[in-house]
Structure formats: C-alpha cells, structure tokens
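If you want the building blocks of each chain, they are given just below.
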Amino acid sequence: MTITGSVGKVRPPRSSQSRSTGLEHCSLLGLVKHLSMVESRYFGEVFDRPFAVPLPRWNDAEEHGADMWATEHGTRAEVVGRYRRAWEHSDATITALAIDSPGHVPWWPRRDVKLFNVLVHALTETSRHAGHADIMREQLDKSTGTTAQHAASHRDGNFREARWAKIERAARTTVTEPDHAGPYSTFT
C-alpha cells in the first residue's frame, strides 16, 4: 500500500490538518488516522495477524467514526507514524501470505475472503480517501498536488479565478444547451 499521497496532504499549517471541511465531519489527519485503522484491521485481524497497537472493536457503536478526525491531543507525527507502522504491517502480511490465502471479515456480508479480495478493497478505499484528501486540502487553502513544493507552484489566485470562471462558463453552457454536440455526443 502507498501512503505518500494521503500523507502529503497533511502538511503544515497544523490547524488546517485538523479542521473539518464538512465532508462527513472528518479532517485530513482524520483520513490518515482512518486509513491506518483500515489497513491495520484488514491486513491484521482479517488474516489473524494482529497489529501491535490495540484497535477498538469493529462493532463498537461508541467509537464509530472516531477514526475520521484527530483529537486535540494527537500530533501529525503520531498519526503519520501510526500509518507508517500500519503500512509496514500490511506489507508484511501481503509478503507472507499467498494471494489466495483465506481471511475472515466479520463486518462483511460474505465474511470468508481471500487476500486478493482484501487487497482490492483496501486499494479502492485508499484511493477514494486520497481523492477526499485532495478535495479537502484544496478547500482549506486552495493548494493542490501531493507535496508542499507542488502546492507553492506558479498557480496563484489569479490563475485559479480564471480557471474557475472558464469551468463555470462551460458548465453553464452545458446546462443551457442540452443538445450541444460535444466530443462525447456520439456515445449517448
């Protein structure tokens, strides 16, 4: 599993990493915390290879959603460090087991799975949350990309305003001219 995309979003300033953007009441650090829980569980418990750090029970209603935000006592280093350890644990499980090794996911309707099924699920989940992190980071400070260097690139406020206006004009045209023959009109 890769962590650079999601972890790259939780760059300073610290206050923006913990702020919710309204997206399911989560934060950037919360997404990384959530991904560490996901990987720990799927590549730990599911294959009877427990992660070293105790996790709340998967069916604990009190804890449901608590992994989507970082507490005021959590630090970036702590959350990212836990994710790195979860990532290493996941890699160890993937390396140690055959692709068709059986596992058991008690919270899935079809509980008996193979490592392949869990790999696909974890990849999908990680990709989806990396997309959430992209959106959240841009909402918080208008930055894009996975690194601070990319975020500080040539795209200033004027560039973003011009790009937004261009996209908005295109969207309004599309809505007001439904019969517009665009490049994909032959696919309808």
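Anything mentioned here points back to the structure above.
Here the structure is a predicted model, which is why all the values come from computation and not from measurement.

Notes on the overall build of the chain
Argument step 1. When helices and strands are tallied, the chain shows 7 helices and 2 strands.
Argument step 2. Along the chain, from the amino end to the carboxyl end, the secondary structure elements read α-α-α-α-β-β-α-α-α.
Argument step 3. Taken over 188 residues, the chain has a buried fraction of 33%.
Argument step 4. Across the chain, contacts joining residues at least 24 apart in sequence account for 72% of those joining residues at least 6 apart.
Argument step 5. About 11,800 Å² of surface is accessible on the chain, with carbon and sulfur atoms providing 57% of the total.

Focus: the packing of aromatic side chains
Argument step 1. Overall, the coordinates contain 2 aromatic pairs when judged by the stated rule.
Argument step 2. Relative to tryptophan 107, the ring of tyrosine 42 lies with its centre 5.4 Å away and its plane at 65°, an arrangement referred to as edge-to-face. Taken together, the residues span a long stretch of sequence, with tyrosine 42 in helix 3 (residues 28-42) and tryptophan 107 in the loop between strand 1 (102-104) and strand 2 (112-114) at a distance of 65 residues.
Argument step 3. For tyrosine 42, a relative accessible area of 7% gives the class buried.

Quick look at the packing of helix 3 against helix 5 (residues 115-141)
Argument step 1. Put simply, helix 3 and helix 5 touch, their axes get as near as 10 Å, and they point 175° apart. One finds that helix 3 runs roughly antiparallel with respect to helix 5. Judged by residue contacts, Leu28, Leu31, His34, Leu35, Val38, Glu39 and Tyr42 of helix 3 engage Val118, His121, Glu125, Thr126, His129, His132, Ala133, Met136, Arg137 and Leu140 from helix 5.
Argument step 2. Residues belonging to the contact of helix 3 with helix 5 are distributed by class as follows: 9 nonpolar, 5 polar and 3 charged.

Some words on the environment of glycine 74
Argument step 1. Its location among the elements puts glycine 74 in the loop between helix 3 and helix 4 (76-96).
Argument step 2. Since its relative accessible area comes to 6%, glycine 74 is described here as buried.
Argument step 3. Each C-alpha atom, one on glycine 74 and one on leucine 29, is 9.1 Å from the other, the two residues being 45 residues apart in sequence.

Brief notes about unusual backbone geometry
Argument step 1. Although it is not a glycine, aspartate 48 sits at a positive phi angle of roughly 55°.
Argument step 2. Among the structural elements, aspartate 48 can be located in the loop between helix 3 and helix 4.

Focus: the side chain of serine 36
Argument step 1. In this fold, serine 36 is placed in helix 3.
Argument step 2. A polar contact of 2.6 Å, which involves the side chain of serine 36, links it to the backbone oxygen of lysine 33.
Argument step 3. Setting aside chain neighbours within four positions, we find serine 36 in contact with Arg82, Tyr83 and Ala86.

Details of the nonpolar core
Argument step 1. Counting residues in each nonpolar core, the largest one holds 12 residues, listed as Val38, Tyr42, Phe43, Val46, Phe47, Val105, Trp108, Val113, Leu115, Val118, Leu119 and Ala122.
Argument step 2. Those elements that place two or more of their residues in this core are helix 3 and helix 5.
Argument step 3. A total of 4 residues in this core trace back to one element, the largest contributor, which is helix 5.
Argument step 4. Excluding residues that lie within four positions of it along the chain, valine 118 makes contacts with Tyr42, Phe43, Val46, Phe47, Val105 and Val113.

Let's talk about helix 4
Argument step 1. Across its 21 residues, helix 4 extends 30 Å between first and last C-alpha, which sits within 8% of the 30 Å expected from 1.5 Å per residue.
Argument step 2. All of the buried residues along helix 4 are Val79, Val80, Gly81, Arg82, Tyr83, Ala86, His89, Ser90 and Thr93.

Considerations on the pattern of salt bridges
Between side chains of opposite charge, a pair can form as their charged atoms come close.
Argument step 1. One pass over the structure, following the stated rule, counts 3 salt bridges.
Argument step 2. Of the charged contacts in the structure, one is a salt bridge between arginine 41 and glutamate 45, with a shortest N-O distance of 2.5 Å.
Argument step 3. Across the pair arginine 128 and glutamate 125 runs a salt bridge whose closest N-O atoms are separated by 3.2 Å. Linking arginine 128 with glutamate 125, this pair stays in helix 5, spanning 3 residues, or about one helical turn.

Conventions used here
Residues numbered from 1 in each chain as written. Predicted model: local features only at pLDDT ≥ 70, side-chain atom pairs only at ≥ 80, totals over all residues. Heavy atoms only, no water. Helix = DSSP H or I, 4+ residues; strand = E, 2+ residues; numbered from the N terminus. Buried < 20%, exposed > 50% of the residue type's maximum accessible area, 1.4 Å probe, protein only. Contact = heavy atoms within 4.5 Å. Areas by Shrake-Rupley, 256 points an atom, 1.4 Å probe, with all protein chains shown as cover. Phe/Tyr/Trp six-rings, centres within 6.5 Å; stacked < 30°, edge-to-face > 60°. Axes fitted to C-alpha atoms, helices over the stretch in contact; angles between N-to-C directions. Parallel < 35°, antiparallel > 145°, perpendicular 65-115°, else oblique. Nonpolar A, V, L, I, M, F, W, Y, C, P; charged D, E, K, R; others polar. Polar contact = N/O pair within 3.5 Å; in protein donor to acceptor, adjacent residues only side chain to side chain. Core = buried A, V, L, I, M, F, W, Y, C linked by side-chain atoms within 4.5 Å. Expected span 1.5 Å × (residues − 1). Salt bridge = Lys/Arg side-chain N within 4 Å of Asp/Glu carboxyl O.

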